[in-house]
Amino acid sequence: MRGCRAVVAALVLALGATGAKAEGEKRAPHSFSAEGLAKVSDYIRNEIVTGKIPGAILLLQQHGKPVYYEKFGVRDIATEFSMSADTIFRLYSMSKPITTVTAMMLVEEGKLALGDPVSKYIPAFADMKVAVEKPGENGKLVMTTEPLKRPVTIEDLMRHTAGLPYGYYGGGLVNKAYADSGLFNDDPDNAELVARLTKLPLAEQPGTVWDYGHSTDVLGRIIEVITGKSLFAFEKERLLGPLGMNDTAYYVADRAKWPLIAEPMPKDRTISPVADVRDPRQPLRWESGGGGLVGTIGDYARFSQMLLNGGTYDGRRYLKPETIALMTSDHIGPETGVVRDQNFYPGPNSGFGLGFAVRTSVPANTNWPLGEYRWDGVAGTFFFIDPEDHLFGILMMQTPTQRGRIQQELKTLIYQAMGR
């Protein structure tokens, strides 16, 4: 019940903020300077010339039209094929907003609710335990478990407060348990992967800590349970197909398109201590709602424009504006009591909504817009949506090691080009 009240409060705040701007504070959107955009281009070219990345594509679209669209370098230094509009990129965690949007369609239809316990759809979640690490007799940490204090909910999955870590990014016995558990052995499908997850302990009590991990994979499985279709089949039917996102999939099935796949530098393929960037030519049974999609910049631009439009694209409605407002409001603010873990990727000036990081305060020495929402992928892609300026931006590149630095430096140049 408390979770439901928090959701309603978040929606009221989001709609209130939108209404306040509409009534009083309406500002003219910022526009780009040619000199500022030239610096953006120079920056990306320098990354290529100095051997950091093979190439990249950057799109900035404002008021529904591209104001900057440039392709740089090559998609693969082995082939030296130039970057092109149909280049295919591993999206990794940029899959999460797509899965979450698809789930919110089911919420609007009354087939799913944010306050629903996950065990309603995956009964094994009712019996999960929570890991507790404490010193043993010899002084070394040991892991025990305790019962759930409340059920994991759908909202927990969407905002990463379900206690389902990836495990590979650092420290602790429970993270090691996830990393060593063989979750992905023998190419599980979504049902098998989730069944394996339910045999592990949660890292934290539900709703207490923002802990990035497998939550959206579980959400993808719930979509399958509700619809009776594979995750991709339902996404294709309801979102990807109607939007014209025809090159977005969980692997590249058409051999003729294999040369279009962008590759990182040969020595820049490690995404974690236990995994390299995957080969999207290989079909997988696992359709990872949290990180499995590949796609083109044009496909993701349609998705981004739909969000920026308040849920519509080319005359078709996918979500209500109120739903977009709810998704892009902060669901882990101080009033929720949610603690941010040591790897809080949104950063100090942002909270997290349902599928997106959301800017909640202005970074020092900037006037970057509040309400900007965004996410990225571990292979290097990122996108952001700035409703105040009627703008979205997408950078497509493949570089696990350079992505964080490039994203911050490039975003700074982009906003400087707008005088922000």
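Above: the structure in question.
Quick look at the structure, then. (Residues numbered from 1 in each chain as written. Predicted model: local features only at pLDDT ≥ 70, side-chain atom pairs only at ≥ 80, totals over all residues. Heavy atoms only, no water.)

## Considering the pairing of strand 2 (residues 65–76)
Which entries qualify depends on this criterion: One bridge is not enough; two strands pair if DSSP finds at least two bridges between them. The numbering of helices and of strands both runs from the N terminus, where a helix is a DSSP run of H or I of at least 4 residues and a strand a run of E of at least 2.
Sheet topology note: the strand 1 (residues 55–62)/strand 2 ladder contains eight bridges and is antiparallel. Opposite Q61, over in strand 2, you have P66 as the bridge partner. Between strand 1 and strand 2, which pair antiparallel and follow one another directly, the connecting turn spans two residues, one of which, H63, has a positive phi of 55 degrees. Sheet analysis places strand 2 next to strand 3 (residues 81–82), joined by two bridges and oriented antiparallel.

## Remarks on the pattern of salt bridges
Pairing is possible between side chains that carry opposite charge, provided their charged atoms lie close to one another. Put simply, the test is: We define a salt bridge as a contact between a side-chain nitrogen of Lys or Arg and a carboxyl oxygen of Asp or Glu at a distance within 4 Å. Only protein chains enter the accessibility calculation, which uses a 1.4 Å probe; a residue whose area is less than 20% of its type maximum is buried, one above 50% is exposed, and one in between is partly exposed.
Under the counting rule described, the total for this entry stands at 25 salt bridges. Taking the shortest distance from any N to any O, the salt bridge between E263 and R269 comes out at 3.1 Å. R269 sits in the partly exposed class, given a relative accessible area of 27%. A salt bridge links R374 to E372, with the shortest nitrogen-to-oxygen separation between them at 3.2 Å.

## Re unusual backbone geometry
Negative phi values dominate among residues other than glycine, just as trans dominates among peptide bonds. Unusually for a residue other than glycine, H160 sits at a positive phi of about 65 degrees. When you line up the elements, H160 lands in the loop between helix 4 (154–159) and helix 5 (173–179). A positive phi angle, near 55 degrees, is found at H390, a position not held by glycine. Its location among the elements puts H390 in the loop between strand 17 (382–386) and strand 18 (391–396).

## Focus on the packing of aromatic side chains
Quick reminder of the rule: Any Phe, Tyr or Trp ring, taking Trp's six-membered ring, that has another such ring centre within 6.5 Å forms a pair; planes under 30 degrees apart are called stacked, those over 60 apart edge-to-face, and the others tilted. Put simply, a charge is over a ring when the Lys NZ or the Arg CZ is close to the ring centre, within 6 Å, and near the line of the ring normal, within 35 degrees.
Within this structure, the stated rule accounts for 16 aromatic pairs. On the basis of an interplanar angle of 80 degrees and a centroid distance of 5.5 Å, the ring pair of Y212 and Y345 is categorised as edge-to-face. With Y212 in the loop between strand 7 (209–210) and helix 7 (215–227) and Y345 in the loop between strand 13 (339–340) and strand 14 (350–352), this pair connects stretches of sequence that are 133 residues apart. Y212 gets classed as buried once you look at its relative accessible area, which sits at 7%. Here the aromatic residues Y166, W210, Y212, F344, Y345, F352 and W375 are joined through ring pairs into a cluster of three or more. One Lys or Arg, K411, reaches over the ring of F384 and ends 4.9 Å from the middle of that ring.

## Quick look at the pairing of strand 18
Working note: regular strand, side chains alternate between the two faces of the sheet. Across the six residues of strand 18, six count as buried, placing the element largely inside the fold. Residues of strand 18 alternate between two faces, with L391, G393 and L395 on one and F392, I394 and M396 on the opposite face, all of them buried. Across five bridges, the pairing between strand 17 and strand 18 is antiparallel. Bridge assignment links D386 to a residue of strand 18, and that residue is L391. Where strand 17 folds back onto strand 18 in an antiparallel hairpin, the turn is made up of four residues, including H390, whose phi is positive at roughly 55 degrees.

## Description of the sheet that holds strand 16 (residues 373–376)
Where strands meet in a sheet, backbone hydrogen bonds hold them as pairs that are either parallel or antiparallel. The condition is simple: Whether two residues touch is decided by their heavy atoms; if any such pair falls within 4.5 Å, the residues are in contact. Lines are fitted to the C-alpha atoms to define the axes, a helix being fitted only along its stretch in contact, and any angle between axes, read from their N-to-C directions, falls within 0 to 180 degrees.
The strand order 3-2-1-18-17-16-15-14 describes an open sheet built from eight strands, whose pairing is antiparallel. At either end of the open sheet lies a strand with only one pairing partner, and these are strand 3 and strand 14. Bridge count between strand 16 and strand 17: four bridges; the pairing is antiparallel. Within strand 17, the position partnered with D376 by the bridge is F382. Strands strand 1, strand 2, strand 16, strand 17 and strand 18 of the sheet are contacted by helix 9 (residues 297–308), whose axis makes an angle of about 155 degrees with strand 18.

## Topic: helix 8 (residues 231–243)
Rules: In this scheme, the bend at a residue equals the angle between the axes fitted to the seven residues that finish there and the seven that begin there.
For helix 8, the principal kink sits at E237 and spans about 50 degrees. Restricting attention to buried positions, one finds in helix 8 the residues L231, F234, E235, L239, L240 and L243. G244 occupies a position one or two residues after helix 8 and carries a positive phi of about 80 degrees.

## Examining the packing of helix 6 (residues 190–197) against helix 7
Going by this rule: Here roughly perpendicular refers to angles of 65 to 115 degrees, roughly parallel to angles under 35, roughly antiparallel to angles over 145, and oblique to all remaining angles. For any pair of crossing helices, the crossing counts as left-handed if the nearer helix is rotated counterclockwise from the farther one by less than a right angle, and right-handed if it is rotated clockwise. Each residue gets one label: Ala, Val, Leu, Ile, Met, Phe, Trp, Tyr, Cys and Pro are nonpolar, Asp, Glu, Lys and Arg are charged, and the others, such as Gly, are polar.
For the pair helix 6 and helix 7, interaxial distance at closest approach is 9 Å and the crossing angle is 130 degrees. On the basis of their axis angle, the class for helix 6 and helix 7 is oblique. In this structure, helix 6 meets helix 7 at a crossing whose hand is left-handed. Contact residues: N190, A191, L193, V194 and L197 in helix 6; D217, V218, R221 and E224 in helix 7. The residue inventory of the contact of helix 6 with helix 7, partitioned by class, reads five nonpolar, one polar and three charged.

## Let's talk about the side chain of H214
Under the convention used in this document: As used in this structure description, the phrase polar contact means that two N or O atoms lie within 3.5 Å; if the pair is within protein, one of them must be able to donate a hydrogen and the other to accept it, and residues adjacent in sequence are counted only when both atoms belong to side chains.
With respect to the helices and strands, H214 occurs in the loop between strand 7 and helix 7. Its relative accessible area of 1% is what places H214 among the buried residues. At a separation of 2.9 Å, a polar atom in the side chain of H214 contacts the side chain of D217. For H214, the contacting residues outside a window of four places in its chain are L164, P165, Y166, L183, F184 and L197.

## Side note on the packing of helix 3 (residues 95–108) against helix 8
The N-to-C vectors of helix 3 and helix 8 enclose an angle of 90 degrees; their axes lie 10 Å apart at closest approach. Here helix 3 is positioned roughly perpendicular relative to helix 8, judged by the angle of their axes. When helix 3 is examined against helix 8, the residues I98, T99, V101, T102, M105 and L106 are found in contact with a partner set consisting of F234, E235, R238, L239 and L240.

Honestly, that's just the spatial picture; any functional story needs more than this.
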